[in-house]
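Spelled out, the chains give:
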Amino acid sequence: MLGLTARLEQVRVDRDAAQRRWTYDKLTGVITRDAVEDMLRVNIEKAHAAGSPLSVVFVDIDHFKSINDLHGHSTGDEALRVVALRIRNWLPAGHLVARYGGDEMLLVLVGLNQREALVLAGALRETVSRNPLAIDGIVVPLGLSMGVADLQPGDSSQTLLRRADAALYRSKANGRARVTGYGVDGEIEGAG
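These remarks concern the structure in this document. (Residues numbered from 1 in each chain as written. Predicted model: local features only at pLDDT ≥ 70, side-chain atom pairs only at ≥ 80, totals over all residues. Heavy atoms only, no water.)

## What to know about the pattern of salt bridges
Part 1 of the reasoning: All chains considered together, the criterion is met by eight salt bridges.
Part 2 of the reasoning: Linking Arg 99 and Asp 25 is a salt bridge whose minimum nitrogen-to-oxygen distance equals 3.3 Å. Here Arg 99, found in strand S2 (residues 96-101), pairs with Asp 25, found in the loop between helix H1 (2-23) and helix H2 (33-50); they are 74 residues apart in sequence, far enough to count as distant. Across the pair, Asp 25 and Arg 99 agree in class, each one buried.
Part 3 of the reasoning: The partner of Arg 41 in a salt bridge is Asp 38, and the shortest N-O contact between them spans 2.4 Å. One end of the pair is Arg 41 and the other is Asp 38, both in helix H2 and three residues apart, which spans about a single turn.
Part 4 of the reasoning: The exposure class assigned to Arg 41 is partly exposed, which follows from its relative accessible area of 36%. (Salt bridge = Lys/Arg side-chain N within 4 Å of Asp/Glu carboxyl O. Helix = DSSP H or I, 4+ residues; strand = E, 2+ residues; numbered from the N terminus. Buried < 20%, exposed > 50% of the residue type's maximum accessible area, 1.4 Å probe, protein only.)

Next up, the structure:
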């Protein structure tokens, strides 16, 4: 009986460890892409049902490839960890931050419309960018470009993310270090 109890306990421990690996990015400690996509779908369903606002923000570290090329991948990894930590610590409770891919993060802002999300993203960009990364005597500026979109009637996670991605692309095309919101009518609006 003791052997079976020990095996069952080990199965539970292994299951919990696998769940943590699926949910949290090992490098940054924030939510993984797979997990946030599931969480986003659930939050979209809730927002549609309640008629409440929801916005997403794609965040990209400006010139990340240059950080890796000039200072090495360990410095690039540290930049990712620091940016994720700063975002996670600064973001109010109830919102989600995830590593979406490479140096790109996704914020899910529950209960915020686009205007509120733009204000929050602008303040976050300033907060993170204000303090460069200092590692091994090297000072690395941390600029952020962001794209914001808010949930519209009939939106799926794919359509919402597509608009936020288009807004992020526009931020990068317009010189980086800025926040851009995607307009309801398909127009892109700039926000510093």
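Structure's up, so let's keep going.
## With respect to the nonpolar core
Part 1 of the reasoning: One finds Val 57, Val 59, Ile 87, Leu 107, Leu 109 and Met 146 to be the most contacted residues of the largest nonpolar core, which totals 33 residues.
Part 2 of the reasoning: For this core, the secondary-structure elements that each account for two or more residues are strand S1 (54-61), helix H3 (64-71), helix H4 (73-90), strand S3 (104-110), helix H5 (114-130), strand S4 (133-135) and strand S6 (144-150).
Part 3 of the reasoning: Residues in contact with Leu 109, not counting those within four places in the same chain, are Leu 54, Ser 55, Val 57, Leu 91, His 95, Ala 117 and Leu 120.
Part 4 of the reasoning: Leu 96, Leu 106, Ala 164 and Tyr 182 belong to the second-largest nonpolar core, a separate cluster that totals 22 residues. (Core = buried A, V, L, I, M, F, W, Y, C linked by side-chain atoms within 4.5 Å. Contact = heavy atoms within 4.5 Å.)

## Thoughts on the packing of H2 against helix H6 (residues 157-173)
Part 1 of the reasoning: Remark: H2 packs on H6, axes separated minimally by 10 Å, with the N-to-C direction vectors making an angle of 105 degrees. Compared by their axis directions, H2 and H6 come out roughly perpendicular. Note on element contacts: H6 touches H2 through Ser 157, Leu 160 and Leu 161, opposite Leu 40, Arg 41 and Ile 44. (Axes fitted to C-alpha atoms, helices over the stretch in contact; angles between N-to-C directions. Parallel < 35°, antiparallel > 145°, perpendicular 65-115°, else oblique.)

## Quick look at H4
Since there are 3.6 residues in each turn of an α-helix, residues three or four apart along the chain are aligned in direction.
Part 1 of the reasoning: Taking 1.5 Å of rise per residue, the 18 residues of H4 would be expected to cover 26 Å, and the 25 Å separating its terminal C-alpha atoms lies within 8% of that figure.
Part 2 of the reasoning: Among all positions in H4, only Thr 75, Gly 76, Ala 79, Leu 80, Val 82, Val 83, Ala 84 and Ile 87 are buried. (Expected span 1.5 Å × (residues − 1).)

## A look at the packing of aromatic side chains
Part 1 of the reasoning: Per the stated rule, a full pass over the model turns up one aromatic pair.
Part 2 of the reasoning: The interplanar angle of 70 degrees and the centroid separation of 5.2 Å between the aromatic rings of Phe 58 and Tyr 100 together place this pair among those described as edge-to-face. Of the two residues, Phe 58 is situated in strand S1 and Tyr 100 in strand S2; the sequence distance between them amounts to 42 residues. The pair Phe 58 / Tyr 100 is uniform in exposure class, with both members buried. (Phe/Tyr/Trp six-rings, centres within 6.5 Å; stacked < 30°, edge-to-face > 60°.)

Interpretation note: all reported values are geometric properties and have no functional meaning in isolation.
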